[in-house]
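Summary of structural features
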Amino acid sequence: QVQLVESGGGLVQAGGSLRLSCAASGNIFRINGMGWYRQAPGKERELVATIDSGGSTNYADSVKGRFTISRDNAKNTVYLQMNSLKPEDTAVYYCNAVVLIRSMIRVPRDYWGQGTQVTVSS
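All of the points below concern the structure found in this document. (Residues numbered from 1 in each chain as written. Predicted model: local features only at pLDDT ≥ 70, side-chain atom pairs only at ≥ 80, totals over all residues. Heavy atoms only, no water.)

**Structural notes on the overall build of the chain**
On a plain count of helices and strands, the chain comes out with zero helices and 11 strands. In the chain, the order of α-helices and β-strands from amino to carboxyl end is β-β-β-β-β-β-β-β-β-β-β. For 122 residues, the compact-globule formula gives about 14 Å, and the C-alpha radius of gyration of the chain, at 14 Å, lands near that figure. With the principal axes as the frame, the chain shows a C-alpha extent of 50 × 25 × 25 Å. Long-range pairs, those at least 24 residues apart, make up 56% of the contacts in the chain between residues at least 6 apart in sequence. (Helix = DSSP H or I, 4+ residues; strand = E, 2+ residues; numbered from the N terminus. Rg over C-alpha atoms; globule rule 2.2 N^0.38 Å. Contact = heavy atoms within 4.5 Å.)

Spelled out as structure tokens, the structure:
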């Protein structure tokens, strides 16, 4: 009942920047936490950054100081500003949201976007 659509991925050179966006839509009552995960070729999916409803953030050690997560609650959108990109940042980036849908019984559930490719070249 909820869709997350990512955008902003692409091909950049090392040291460059990208800004990812993820907009949630559907039968949404409230969004609690939102975050970004990534999966590189041959590797497991890993956490990149999260942000809760109060704006508290958490980052993977590998991206601290380079990436910034933010959200616009009015637009049900989360962003990931990625600076000083490295080739090892190359991965498919997935948006995640913990959502309470508009139903008689509201239980928080995880939803995932389809992913957006980020490729960083040397």
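Next, the rest of the story.
**Focus: unusual backbone geometry**
Even without a glycine there, the phi angle at Asn-76 is positive, about 50 degrees. Its place among the elements puts Asn-76 in the loop between β7 (67–72) and β8 (77–82). With a relative accessible area of 24%, Asn-76 lands in the partly exposed category. Despite not being glycine, Ser-84 shows a phi value in the positive range, around 50 degrees. Classification of Ser-84 as partly exposed rests on a relative accessible area of 40%. (Buried < 20%, exposed > 50% of the residue type's maximum accessible area, 1.4 Å probe, protein only.)

**Observations concerning the nonpolar core**
Counting 33 residues, the largest nonpolar core has Trp-36, Leu-80, Met-82 and Tyr-93 as its most contacted members. Of all the secondary structure elements, the ones that give two or more residues to this core are β1 (2–7), β3 (18–26), β4 (28–39), β5 (46–51), β7, β8, β9 (91–101) and β11 (116–121). (Core = buried A, V, L, I, M, F, W, Y, C linked by side-chain atoms within 4.5 Å.)

**Quick notes on the pattern of salt bridges**
Counted under the stated rule, the structure contains four salt bridges. Residues Glu-46 and Arg-38 are paired through a salt bridge, measuring 2.8 Å at the closest nitrogen-oxygen approach. When its relative accessible area of 5% is taken as the criterion, Arg-38 is described as buried. A salt bridge links Lys-64 to Asp-61; its shortest N-O distance comes to 3.1 Å. Salt bridges linked by common partners bring Arg-38, Glu-46, Arg-66 and Asp-89 together as one network. (Salt bridge = Lys/Arg side-chain N within 4 Å of Asp/Glu carboxyl O.)

**Observations concerning the side chain of Glu-6**
Here Glu-6 shows up in strand β1. Here Cys-95 takes part through its backbone nitrogen, which lies 2.7 Å from a polar atom of the side chain of Glu-6. A polar contact of 2.9 Å, which involves the side chain of Glu-6, links it to the backbone nitrogen of Gly-115. Not counting residues up to four positions away in its chain, the partners in contact with Glu-6 are Ser-21, Cys-22, Trp-36, Tyr-93, Tyr-94, Cys-95, Gly-113, Gln-114, Gly-115 and Thr-116. (Polar contact = N/O pair within 3.5 Å; in protein donor to acceptor, adjacent residues only side chain to side chain.)

**What about the environment of Arg-106?**
Assignment of secondary structure puts Arg-106 in the loop between β9 and β10 (109–112). A relative accessible area of 44% places Arg-106 in the partly exposed class. Along the backbone, Arg-106 and Phe-29 are 77 residues apart, and their C-alpha atoms lie at a distance of 8.5 Å.

**Considering the sheet that holds β7**
The strands making up a sheet are joined through hydrogen bonds of the backbone, oriented either antiparallel or parallel. The strand order β1-β3-β8-β7 describes an open sheet built from four strands, whose pairing is antiparallel. Strand pairing shows two members of the sheet lacking a second neighbour, β1 and β7, which therefore form its edges. Strand-to-strand twist of the sheet, defined as the mean angle between neighbouring strand axes without regard to direction, takes the value 15 degrees. In the sheet, β1 pairs with β3 via six bridges, with the strands oriented antiparallel. If you follow Leu-4 over to β3, its bridge partner there is Ala-24. (Pairing = 2+ DSSP bridges. Axes fitted to C-alpha atoms, helices over the stretch in contact; angles between N-to-C directions.)

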